[in-house]
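These are the residues of each chain, in order.
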Amino acid sequence: MINKDIFNNTEVAFAIKSNAELEKAYWLFRMIKNESLVKLGTGVTKFALKNHFPVEGLIKTTVFDHFCGGVNEKDSLPVVDKLFSKGVYGILDYSVEGAETDESFDKTLQKNLELISFARDREEIPYAVFKPTGMGRFGIYEKVTAGDKLTEDEQAEWNRLVDRYDQLAKKAKEFDVPLMIDAEESWMQKAADDLVEQMMEKYNTEKPIVYNTLQLYRTDRLPYLKELHKRAKTKSYKIGMKLVRGAYMEKERERAELMGYPSPICATKELTDKNYDDTQAYMIENIEDMSIYSGTHNEESSYYLTQLIDEYQLQKNDKRVWFGQLYGMSDHITFNLARENYNTSKYIPFGPVKDVMPYLIRRAEENTSIAGQTNRELELLAAERKRR
Ligand SMILES: Cc1cc2nc3c(=O)[nH]c(=O)nc-3n(C[C@H](O)[C@H](O)[C@H](O)COP(=O)(O)OP(=O)(O)OC[C@H]3O[C@@H](n4cnc5c(N)ncnc54)[C@H](O)[C@@H]3O)c2cc1C
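Scoring rules and cut-offs
- Residues numbered from 1 in each chain as written.
- Predicted model: local features only at pLDDT ≥ 70, side-chain atom pairs only at ≥ 80, totals over all residues.
- Heavy atoms only, no water.
- Pairing = 2+ DSSP bridges.
- Helix = DSSP H or I, 4+ residues; strand = E, 2+ residues; numbered from the N terminus.
- Axes fitted to C-alpha atoms, helices over the stretch in contact; angles between N-to-C directions.
- Contact = heavy atoms within 4.5 Å.
- Patch = residues over 30% accessible without salt bridge, like charges linked within 9 Å, V, L, I, M, F, W, Y side chains within 5 Å.
- Areas by Shrake-Rupley, 256 points an atom, 1.4 Å probe, with all protein chains shown as cover.
- Salt bridge = Lys/Arg side-chain N within 4 Å of Asp/Glu carboxyl O.
- Lys, Arg positive; Asp, Glu negative; His and termini not counted.
- Charge placed at Lys NZ, Arg CZ, Asp CG, Glu CD.
- Parallel < 35°, antiparallel > 145°, perpendicular 65-115°, else oblique.
- Left-handed = near helix turned anticlockwise from the far one by under 90°.
- Near = heavy atom within 4 Å.
- Polar contact = N/O pair within 3.5 Å; in protein donor to acceptor, adjacent residues only side chain to side chain.
- Nonpolar A, V, L, I, M, F, W, Y, C, P; charged D, E, K, R; others polar.

Quick look at the sheet that holds strand β3 (residues 179-181)
- The strand order across the open sheet built from eight strands is β1-β8-β7-β6-β5-β4-β3-β2, with neighbouring strands paired in parallel fashion. Looking at which strands have only one partner, the edges of the open sheet turn out to be β1 (89-94) and β2 (128-130). Neighbour to neighbour, the strand axes of the sheet diverge by 30° on average, direction disregarded.
- Judged from the four bridges that link them, strand β6 (residues 290-295) and strand β7 (residues 321-326) form a sheet pairing that is parallel. In the sheet register, isoleucine 292 faces β7, and the bridge partner there is valine 321.
- Strands in contact with helix α5 (residues 73-84) are β1 and β8 (344-350); relative to β8, the strand with the most contacts, it is inclined by about 160°.

Re a negative patch on the surface
- On the surface, a cluster of negative charge is made up of Glu250, Glu254, Glu257 and Glu365.
- Take the negative patch: its biggest share by element is three residues, from helix α12 (residues 249-259).
- With respect to the helices and strands, glutamate 254 occurs in helix α12.

Comments concerning the packing of helix α14 (residues 299-311) against helix α15 (residues 331-339)
- For the pair α14 and α15, the least separation of the axes is 10 Å and the interaxial angle reads 15°. The angle between the axes of α14 and α15 places the two elements in the roughly parallel class. Considering only the axes of α14 and α15, their crossing is right-handed. Touching Glu299, Ser302 and Thr306 of α14 are His332, Ile333 and Leu337, all from α15.

So, the site of the ligand
- In the neighbourhood of the ligand, 29 residues make up the surrounding shell, with Gly246, Thr272, Thr296, His297 and Asn298 lying closest.
- With respect to the ligand, the side chain of threonine 272 contributes an N or O atom lying 2.8 Å from a nitrogen atom.
- Separating an oxygen atom of the ligand from a side-chain N or O atom of threonine 296 is a distance of 2.6 Å.
- Where the shell around the ligand is concerned, the elements lending two or more residues are β4 (210-215), β5 (239-244), α12, α13 (269-285), β6 and β7.
- Here the shell around the ligand takes three residues from β7, the largest share from any one element.
- Of the residues in the shell around the ligand, the class split is 11 nonpolar, 12 polar and six charged.

A look at the environment of glutamine 155
- Along the chain, glutamine 155 falls in helix α9 (residues 152-175).
- Sequence separation of glutamine 155 and asparagine 19 is 136 residues, and the distance between their C-alpha atoms is 55 Å.

Laid out in structure tokens, this is it:
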């Protein structure tokens, strides 16, 4: 049983950061904490990039370097190696977002196929990941989710999308590299869920290779998992699931209100937290049938998972249980858990600066809007500055 105080060990948390990097991180989080500055900054950045102003260099040396591994996978390898020197695994996430053409989906597909090969020979990279909208248009997922009839062209487009998932899952199985698929907005997610379920059925016959993501700010996700579990048992395949709280809360609530349907999001943060932890408990209770990747910066939930590991007498580094944080955030959780020998990883986004901007903007906004999160980062960085 570990002591929860380990999360306060800033020496371990920031061991790979030089003094200069520590200062920079402190400065960055102080900026991000300022909501009006973030609003202004994101607005100006979007405008500048759209109008080809030379701001990429500035973004690169500030937010980009803090939250991303590099502009391509090779560029990101020093980050992966540095993390692994402290027992932390790295998950390379090609974070180009907002594409809308077949050409760009095929490019993302190729990149992700390459990443599966790249991970095969590297112990330090345990998973490959992709986003549903990296493989197809948001609008087509939306239409399939709504159950609308597709035109002939749309059906062909959907078939191409299905084929992209299949190519990735097939290669993941062949190379024995588990593949995680992110979750996005609820009004496109059912189409992705059904597709990922098909892939699980096809490729998870021996062990979880294909993982879906559950956003536990949604009220319906634990019941969904329980139903999926029944289907998986009947058809004899394993479930792989990444758990997150969910990154699109404001958007979800706004749309529900605008369109007059009940919000799919838990009414309070406490209910989201309970939902998250109940789902962790359900998964550990049924660990013979599934694998869990707990993607969170929440200390309580991370600690609770260590307690569940104890309670069910699993090894700390049981291959079916993983912890994950985003690169650039919550090092106090990642590095302290890794030191205790838990399977711990960072999602490391990479890609050309301009293309990862939506991701970076989400991180900046999330850190301003989540009460306590930035304060906690700042408090820990300040403690480490003082200690040094
Ligand atoms: C490795 C990793 C992978 C990720 N992949 C995805 C992904 O595929 N899809 C995705 O959507 N997100 C993803 N995220 C982001 C994630 O969903 C959260 O936005 C982020 O991690 C913050 O939640 P938390 O559990 O870390 O922390 P916390 O600070 O404890 O929780 C903040 C979260 O709680 C929820 N919340 C906040 N206020 C309320 C409220 N009033 N009522 C109800 N709920 C509330 C929101 O989801 C908010 O983001 C990922 C995160 C990690 C670490």
